Amino acid sequence: MQVGRRGFLRIAAAVLLLTASLILPAGAGGPVTITFWHGMSGVLNPAIDELTNDFNKLNPGIVVNAQYQGTYGTLNQKLVAAVAAGSPPTITQLFPNWADQLIQAKAIVPMENFIKGPDGLSAEELSDIFPILRQESTFNGVMWTMPFNKSLYILFYNEDLFKQNNLKPPATWDDLLNVSKALTKEEGGRTTRYGFVVRPTTDYFLLMLITNGGDFLKPGGKEVAFNSPAGVEGLQFLIDLVQKHKVAYVLNAFADADFAAGKVAMYLVTNPGLAFARAAVAGRFEIGIAPIPYKKSRATLLSGTDVAIMAKAVPEQQVAAWKFIKFVTGTTATTRWFMKTFYMPVRRSARDSTLARVYLQQNPEHRAGLDSLAVARTAPNIAEWQEIRDIIQEAVEEAVLGKKTAKQALDDAAVKANKLLSQRK
Amino acid sequence: MIPRVPSRRVRRLLENLEAYAFLLPAIVVLGVFHLFPIVFAFFISLLKWNMIDPVRPYVGLANYVQALQDDKFRTALGNTTYYAFVSVGLAIPLALFFAVLLNRKLRGMSWYRTAFFIPHVTSLAAAAMVWHWLYNPDQFGLLNYLLDKVGIPPQRWLLDPLQAMPAIIAVSIWSSLGRDIVIFLAGLQSISQDYYEAAQIDGANNWQLFRHVTWPLLSPTTYFILIISMIGAFKIFALPLFLTGGGPISKTLTIVYSIYQQGFQYFRMGYASAQAYTLFAIIFLITMLQRRVLAHRVHYDI
Amino acid sequence: MARTLTLPATQIRAPGRRVALKNTLVHLVLLASVVVVLLPYYLMISTSLKPIQEIFTDPFKWLPSRLAWENYVDAWNHAPFGRYFLNSTFISVTETLGVLVTSALAGYAFSRMRFWGREVFFVIFLGTLMVPGEVQLVPNYITIVRLGWLNTYYALIIPWLASVFGIFFMRQFFATIPQELQDAATMDGASHWTFLWRVVVPLSKPAFITVGLLSFLGSWNALTWPLIVTNTPEMRPIMVGLLSFSNEWGTQPRLLMAAATFSVAPILVLFFILQRYFIQGIARAGIKF
């Protein structure tokens, strides 16, 4: 075989091109690399890695790097710093009130662009996502983020203790008080076990507020409504459990340790807390789960984060990011995510899938959480909510520690919060 | 030929150049990563900036005015001052007491010394996790368990508005005691034995020895510890961050915590920087004041 | 043993009962204080060795029923601690060496050279100590991104290669070296450079150990900066690994305490070996302000 001068040049050019395409990254046909920042540590980290690996195997053209960035607080700080320095990731986990700020700064792109795009979701697929979750991802009528690891507050109780005392998990505030009375134990003038524990946090109060028919903001969203009679009564209820009835104590740490030691029979926590409670209890008793006890209306508080695509990413990365998000929030992935981490599945079809049903038959305690989803409420998804949470926290501390009456503390907090809201553009 | 001796001026210039060459690595690193950010922060303190908004209006001294009128910031100022004076006021006599004990030529002294120093080398993040546990409120925490053994009712520690700051002060003393002891020991060992012998011949007792020999001759060391402790104390942040989150009811909210909150939680960078500069001014004034009031009482001539 | 035996009996008796009593009292006070100081470590280590069922018990258990070494295995596998250890070691060692060199050079210049602006530079350097480090985070992060150093060892090491404290300390220490030595060296035609490395450095071992140890410690215990400038586990140091045990959902004390124990241990060992020089270093520097 003879190769002429020209032929040789052609071959050389082809070889060069081939080598170049192997060396040069994206753009020359190589895989698109995207980064995904998250705050999932402990048992949650492997669960994220598994999802990512599955996706990478199924999509040879895309490489997703899932990167743990610390607690949510640190994630938020890193995210803002990275946006400021122009080096954000492609995808990030984020709370709704962070999203509000990032939208204002044009740092993220609307999820809706992709949902309605060529590789998008049908109307059916979209409405399959629980409405409350979609609502929390929607800002001014546009869906900017996608619900990913959503949780809600539930009540954990020591099932063995309840059985021994012939008690049923509390459905209402009155039940909570009565059960707590029954389970509080005194020995030699010293309480060795409490029925319930009060963490002086924003969320403990907000749960009382909404199960008492109260609301976060007044209609129109210009002023807060948490200092309503419903809120005052809710906060007073927590205080009474501690001070008047002496069936609960105040704790400034996770309650799982005391729960495991048998020092408290019930506490409020979000779904992923189960993995930690189980590790702490170490099989000494069964953990029961019930919806949050209510007074006027059944309700619970939605928690957990969504995911968003950053505006700085190049179009190919954004498309790849959407593909990844579509995958992890798809029926199969969200079902498995639920069973691994106890976060809520984000789709109805996932909740009703055979896999989930079989799982629920074997683990009926998870029903309480899933059922609560129908009555879940979302805190306002505005940037100011971050600081308002701290303002409420301080009011709760003031009231629980007896520095102010519940009403006074909440009224003072409302003044501060309203001032913040009035500055909102 | 005799080499020409460079003129005095040239020699001075050369020595200057050589000195700057020696300083160059330090100046580059400190300039880029320590000094520049401080200057940068000053300009930021004149802006309204949330870090990610491209619009960052110039507001002059408005952030400083806001800081002085802000109840939260004033609370932080009060808390920090309380922390600084009480923690330094307790730590120094305590460290001196142990240093004097450890300065005796007895067996096992180096073991004690090492034990006291261990907390200082432990990461505060790790130590705080253990302390948080010790301070668990009600009768379930380990400290309360121990109190219960001696018949004292359980305390709420970090949850109690009055006890939270003292509890933090206790951890901070625990953590810095070893360092102060070592510095004091160094100071004690540099006092010539002759002074003691002379005083003993005059019939001085132990207290008189301490009062008239040790204390004055140790004053440079005491002064040094006082200055660095005060600067450090006004910058207190890690302990409230890890132990209390600034609570309860902002009772452990310190100035740097407030800076962190405004800057990294609410993303008011301009305002946070203004608070930082206010803190700088306070530390600067206090350091100068200490120099004014105390420097002439320090006996450097040993 | 042999030495005590050779002491004349009178000398042992000489101090008398009062002194012996006093010494015992000193020991008692110190021993009690040390017990209090070390209590948190007892809690840390005993928890790290308790079987899972014994961690949260009422009443508190002082001793584990058996030593649960599996806690250490679980903690070690909870995050890539092997990699974290390597990173921490590399970062801390490099940083410490760098700090020693820059501090020695600058400390020498400040203590033994005359140059324009000496006082001004020194005051500015000391002034940086009065500004909280948090202020520097954002500008430094932006600088690191501009330099393209994000998630590299450069970002972790270079900003900390000079230390104001180190410079200050070296300056104090070098000032104690007699001027005659320098005069003699100058007569022999030695330059500042030669004098520094041939005479000053060998005479300043305690100072180097003191500054080195403190710098190593600061680097090993650093938390915020490494977390901000790294994105992947491959680049992260040990303290960031500890952080992965604290989160928004619950506590894992047995793992946390095991990890805290093995991440604090190297520093303790190092201090134990070097502590003698450490105190000498501080003593010789004869700190003045």
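Residues numbered from 1 in each chain as written. Chains lettered and ligands numbered in written order. Predicted model: local features only at pLDDT ≥ 70, side-chain atom pairs only at ≥ 80, totals over all residues. Heavy atoms only, no water.

So, the overall build of chain C
Logical step 1: Across its full length, chain C carries 15 helices and zero strands.
Logical step 2: When its C-alpha atoms are laid out on the principal axes, chain C stretches across 75 × 75 × 30 Å.
Logical step 3: When contacts within chain C are restricted to residue pairs at least 6 apart in sequence, those whose partners lie at least 24 apart make up 75%.
Logical step 4: Per element, the accessible surface of chain C, about 13100 Å² overall, is 69% carbon and sulfur. (Helix = DSSP H or I, 4+ residues; strand = E, 2+ residues; numbered from the N terminus. Contact = heavy atoms within 4.5 Å. Areas by Shrake-Rupley, 256 points an atom, 1.4 Å probe, with all protein chains shown as cover.)

Observations regarding the interface of chain B and chain C
Logical step 1: Contacts between the two partners involve 80 residues from chain B, matched on the other side by 86 residues from chain C.
Logical step 2: When chain B packs against chain C, the two sides together hide about 8000 Å² of surface, and 80% of this comes from carbon and sulfur.
Logical step 3: Per-residue buried area on chain B facing chain C is highest for F22, F33 and W133 of chain B; these three make up 11% of the total on that side.
Logical step 4: The interface formed by chain B and chain C holds zero salt bridges in total.
Logical step 5: Where chain B touches chain C, the interface holds 13 residue pairs in polar contact (both at pLDDT 80 or more).
Logical step 6: Here the side of chain B that touches chain C takes 21 residues from helix α1 (residues 8-44) of chain B, the largest share from any one element. (Buried area = accessible area lost by both parts, 1.4 Å probe. Salt bridge = Lys/Arg side-chain N within 4 Å of Asp/Glu carboxyl O. Polar contact = N/O pair within 3.5 Å; in protein donor to acceptor, adjacent residues only side chain to side chain.)

Side note on α1 of chain B
Logical step 1: The terminal C-alpha atoms of α1 of chain B, which comprises 37 residues, lie only 46 Å apart, well short of the 54 Å expected from a rise of 1.5 Å per residue.
Logical step 2: By the largest-angle criterion, L23 of chain B marks the main kink of α1 of chain B, which is about 50°, and a proline, P25 of chain B, follows within four residues. (Expected span 1.5 Å × (residues − 1). Bend = angle between axes of the 7 residues up to and from the residue.)

Some remarks on the nonpolar core
Logical step 1: One finds M146, F156, F196 and F226 of chain A to be the most contacted residues of the largest nonpolar core, which totals 352 residues.
Logical step 2: Element by element, the count of residues in this core is highest for helix α7 (residues 164-189) of chain B, at 15 residues. (Core = buried A, V, L, I, M, F, W, Y, C linked by side-chain atoms within 4.5 Å. Buried < 20%, exposed > 50% of the residue type's maximum accessible area, 1.4 Å probe, protein only.)

Regarding the interface of chain A and chain C
Logical step 1: Contacts between the two partners involve 36 residues from chain A, matched on the other side by 25 residues from chain C.
Logical step 2: The tally of links from chain A across to chain C stands at zero salt bridges.
Logical step 3: Elements supplying a minimum of two residues to the side of chain A that touches chain C: β2 (62-68), α3 (72-85), β9 (190-198), α12 (256-260) and α13 (273-281) of chain A.
Logical step 4: Residues that form the side of chain A that touches chain C fall into these classes: 18 nonpolar, 13 polar and five charged. (Nonpolar A, V, L, I, M, F, W, Y, C, P; charged D, E, K, R; others polar.)

Some thoughts on the packing of aromatic side chains
Logical step 1: Scanning the model with the defined rule gives 66 aromatic pairs over all chains in all.
Logical step 2: Residues F196 of chain A and Y204 of chain A carry aromatic rings whose centres are separated by 6.3 Å and whose planes lie at 40° to one another, so their mutual orientation is tilted. Here F196 of chain A matches Y204 of chain A in class, with each residue buried.
Logical step 3: One aromatic cluster is present, built from ring pairs that chain together W69, Y72, W76, F81, Y84, F85, F216, W220, F245 and F262 of chain C.
Logical step 4: Lying over the aromatic face of W49 of chain B, R56 of chain B brings its terminal NZ or CZ to 4.8 Å of the ring centre.
Logical step 5: The residue whose ring lies beneath R171 of chain C is F122 of chain C, and the NZ or CZ to ring-centre distance is 4.0 Å. (Phe/Tyr/Trp six-rings, centres within 6.5 Å; stacked < 30°, edge-to-face > 60°. Lys NZ or Arg CZ within 6 Å of the ring centre and 35° of its normal.)

Examining empty space enclosed by the protein
Logical step 1: Per the stated rule, a full pass over the model turns up seven cavities of 30 Å³ or more.
Logical step 2: Roughly 120 Å³ of internal volume is contained in the second largest cavity.
Logical step 3: Lining the second largest cavity are 14 residues, and of these A41, M269 and S273 of chain B together with E134 and V135 of chain C sit closest to its centre.
Logical step 4: Broken down by secondary-structure element, the contributors of at least two residues to the lining of the second largest cavity are α1, α12 (255-265) and α13 (269-294) of chain B together with α7 (134-146) of chain C.
Logical step 5: For the lining of the second largest cavity, the residue count by class is 12 nonpolar, one polar and one charged. (1 Å grid on protein atoms, 1.4 Å probe; cavity = no way out; pocket = protein on both sides within 12 Å on 5 of 7 lines; lining within 4 Å. Points joined across faces, edges and corners; volume = space filled by probe spheres on them.)

With respect to the layout of surface pockets
Logical step 1: Approximately 1700 Å³ is the volume attributed to the second largest pocket.
Logical step 2: In this structure, the second largest pocket is lined by 47 residues; those nearest its centre are E387, L420 and Q423 of chain A together with Q66 and R268 of chain B.
Logical step 3: Per-element tally for the lining of the second largest pocket: the top contributor is helix α19 (residues 385-400) of chain A, with five residues.
Logical step 4: Here the lining of the second largest pocket is built from residues that sort into 15 nonpolar, 17 polar and 15 charged.
Logical step 5: Here the lining of the second largest pocket gathers at least three residues from each of two domains, domain 1 (28-150 + 304-370) and domain 2 (152-302 + 378-422) of chain A. (Domains from an automatic or database assignment.)

Looking at the pattern of salt bridges
Logical step 1: Inspection of the entire model under this criterion finds 29 salt bridges over all chains.
Logical step 2: The salt bridge partner of E187 of chain A is K185 of chain A, with a shortest N-O separation of 3.7 Å.
Logical step 3: Owing to a relative accessible area of 34%, K185 of chain A belongs among the partly exposed residues under this scheme.
Logical step 4: One salt bridge in this structure joins K61 of chain C and E54 of chain C, with 4.0 Å as the shortest N-O distance.

A closer look at the pairing of strand β13 (residues 300-310) of chain A
All names here are of chain A.
Logical step 1: Within β13, 11 of the 11 residues are buried, which leaves it mostly tucked inside the rest of the structure.
Logical step 2: Pairing of strand β3 (residues 91-94) with β13, which is carried by four bridges, proceeds in the antiparallel orientation. In the strand pairing of β13, L94 is matched with D306.
Logical step 3: In this structure, strand β4 (residues 108-109) lies alongside β13, joined through two bridges in antiparallel fashion. Counterpart to I108 in the pairing with β13 is M310.
Logical step 4: As paired elements, strand β7 (residues 146-158) and β13 share six bridges and run antiparallel to each other. Across the sheet, L152 pairs through a bridge with L302, a residue of β13.
Logical step 5: Sheet analysis places β13 next to strand β14 (residues 376-377), joined by two bridges and oriented parallel. By the bridge assignment for β14, L301 is matched with R377. (Pairing = 2+ DSSP bridges.)

Regarding the domain arrangement of chain A
All names here are of chain A.
Logical step 1: Segmentation of chain A into domains returns domain 1 (28-150 + 304-370) and domain 2 (152-302 + 378-422).
Logical step 2: Spacing between the C-alpha centres of domain 1 and domain 2 amounts to 29 Å.
Logical step 3: Each partner contributes to the interface: domain 1 provides 22 residues, whereas domain 2 provides 20 residues.
Logical step 4: Buried area between domain 1 and domain 2, both sides added, is near 1800 Å², and the carbon and sulfur share of it is 61%.
Logical step 5: Sorting the residues of domain 1 by area buried against domain 2 places N97, F342 and E365 first, and these three jointly supply 31% of that buried surface.
Logical step 6: If you look at where domain 1 meets domain 2, you find one salt bridge.
Logical step 7: Notably, a salt bridge pairs R278 with E365, separated by 2.9 Å at the nearest N-O pair.
Logical step 8: In this structure, the connection of domain 1 to domain 2 is made through four residue pairs in polar contact (both at pLDDT 80 or more).

A look at the packing of helix α4 (residues 109-121) of chain B against helix α3 (residues 16-48) of chain C
Logical step 1: Between α4 of chain B and α3 of chain C, the least distance of the axes is 9 Å, while the angle of their chain directions is 30°. In terms of their interaxial angle, α4 of chain B and α3 of chain C are classed as roughly parallel. Judged by the twist between their axes, the crossing of α4 of chain B over α3 of chain C is left-handed. Contact residues: α4 of chain B offers M109, Y112, A115, F116, I118 and P119 of chain B, while α3 of chain C offers V26, H27, L30, L31, S33, V34, V37, L38 and Y41 of chain C. (Axes fitted to C-alpha atoms, helices over the stretch in contact; angles between N-to-C directions. Parallel < 35°, antiparallel > 145°, perpendicular 65-115°, else oblique. Left-handed = near helix turned anticlockwise from the far one by under 90°.)

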